[in-house]
Amino acid sequence: MKLPASISERFGEAAALVESTAGAIRIISHYDGDGISSAGILTRALYRSGKKFKATMVSVLEDEDIENIDGDFELLIVSDMGSSQADRFSRMLIERGARGIILDHHLADGRDRPFSLHDGGAIHEINPRFLGINGTTGCSGSTLAFLLALSMDPVNEDLCIFSLAGSLADRQHVPMFSELNLGVRELAVARGYLTSRRGMPFSGRNLLEALVTSNDPFIKGLSGNEKESRELLELLGMEPERTLDSLKDDELKVLHSYVYIRLLREGISPYIVHELFRENLFSERYGNLLDLAYSIDTCGRNGEMGKGVRVVWGDPEAYKEALNDRYEKKKIIQELLQRTLKEGANEMDHILWLRVEEKNLAGTIAGLAHNYLFDHEKPVIAISRDDGKINISGRADRELCGRGLNLAVIMKEAGSACGGGGGGHDVAAGGHIREDQLEKFLEICNKMVGEQLEGDSGGG
Ligand SMILES: [Mn+2]
């Protein structure tokens, strides 16, 4: 894989640091899909080069956790996290007489240069944000782990699948892979590890499961309805039990066009339907890369990071279990969507709002409800009670944001006017407010959305 010289030099130095380490190597990584993929890639690469290692995955690392990292290690690798605490790590490592590598793609506390061994410190830090690469879209933790593995030994090329799975789990594939991710994607396709097919993001162990469990898109009447889905597939001349990647191009086209028209007929925004057509990557062993990425991610969300790492190590039993877990989770989301559709949303002039007490899923439900269940001209605000306060998740789509909507601004202002705060992105934002302020909060949101979209005449 071709990299600009400045970047491959950074990885080359990190690889040399690993190679020169005779003692134990300690890995600390984030617990989500990207972090687990990273840890899996790093441990496999270390194993292949005969190194001693131990890996742990965590959701957050408090400052005192950094002081208390267990084990007698010579080298610490912090992955998918660490840049915002690089100073702490550095002091701890100097005290212990050890060295460290940070592979992170998150913001780094306003610093404009990475930690470097050349500066007399104990840390060699690689963060795409110091290399002119977008850390939010162009490079994930697993991309960094993979590039290090590749610098250690070209034999690690086969781990590219997990590199992309991690990027996908961080949603860096929407609308498409770019920058360093794109480089890995080109390698994976060119070397035959993955095949590329354009179309809707269907995944599943067979066609029937793909339709029945589909939440994005949620297809009214088909999603969650095994009988209707089976009948449709038979009508289209496709065995429900066939695998997705067994479909020939023209069969895939038939299925996609059918769903496309059906969604448009239901009144789903053409913009949203259009966005569903993107590249899907398939592996013979793992199916749609979406399945691999989200089953690893689900392991982390369930607190079973070890299972996730076993998936990256190629354990077929672990993948089977993790896939089951993923589809269980999809089912829960599906049931929430069905319930939301049945109960309907509360409608105001410019917003829709609904209660989602499953607070970890509120944002997901708000987003899918906006896209597929209700009037897409209005953003959806999901609220969930949480220990004396109310959590808020707002979701819209790119088209509304193009017309002036900015949910980050609204969440921030309306949140702080109601005894809390908020922020995020224009299209997806969140916040929290005092429990007795809900009515006032909704009034402010409604008014602000109206004002932001006011200047636009293209709406309806
Ligand atoms: Mn990440």
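Residues numbered from 1 in each chain as written. Predicted model: local features only at pLDDT ≥ 70, side-chain atom pairs only at ≥ 80, totals over all residues.

Asker: Hey, could you go over the environment of Gly120 for me, with residue numbers and the actual values?
Answerer: For Gly120, the position within the fold is in the loop between strand S4 (99–103) and strand S5 (123–126). Note: C-alpha distance between Gly120 and Leu187 (67 residues apart in sequence) is 36 Å. (Helix = DSSP H or I, 4+ residues; strand = E, 2+ residues; numbered from the N terminus.)

Asker: Break down the sheet that holds S5 for me, with residues and values.
Answerer: Here we have five strands laid out as an open sheet, ordered S2-S1-S3-S4-S5, and parallel in their pairing. With one partner strand each, in any of the chains shown, strand S2 (53–58) and S5 form the two edges of the open sheet. Here the strands of the sheet are splayed against their neighbours by 15 degrees on average, with no regard to which way each runs. Where strand S1 (residues 25–30) lies against S2, six bridges are found, and the strand directions are parallel. When the sheet's bridge partners are listed, Ser29 is paired in S2 with Met57. (Pairing = 2+ DSSP bridges. Axes fitted to C-alpha atoms, helices over the stretch in contact; angles between N-to-C directions.)

Asker: Explain the nonpolar core to me, using residue names and the numbers behind them.
Answerer: In terms of nonpolar packing, the biggest core is built from 72 residues, with Leu148, Ala149, Ala165, Leu289 and Ile296 touching the most fellow members. With eight residues, the top contributor of residues to this core is helix H5 (residues 141–152). Inspection of this core shows a minimum of three residues originating in each of domain 1 (5–155) and domain 2 (196–339). Those residues within four positions of Leu289 in sequence are excluded, and the remaining contacts are Leu164, Ala165, Leu168, Leu194, Leu281 and Ser283. Counting residues in each nonpolar core, the second largest holds 55 residues, with Leu222, Ala345, Met411 and Cys445 among its members. (Core = buried A, V, L, I, M, F, W, Y, C linked by C-beta atoms within 7 Å. Buried ≥ 20, exposed ≤ 12 C-beta atoms within 10 Å, placed from the backbone. Domains from an automatic or database assignment. Contact = placed C-beta atoms within 7 Å.)

Asker: So what about the sheet that holds strand S7 (residues 278–283)? Which residues, and what values?
Answerer: Reading across from one edge, S6-S7-S8 is the order of the three strands in this open sheet, with antiparallel pairing throughout. The sheet is open, and its two borders are formed by strand S6 (195–199) and strand S8 (287–288), each paired with just one other strand. Looking at chain direction, S6 and S7 are connected through five bridges and run antiparallel. Counterpart to Gly199 in the pairing with S7 is Arg278.

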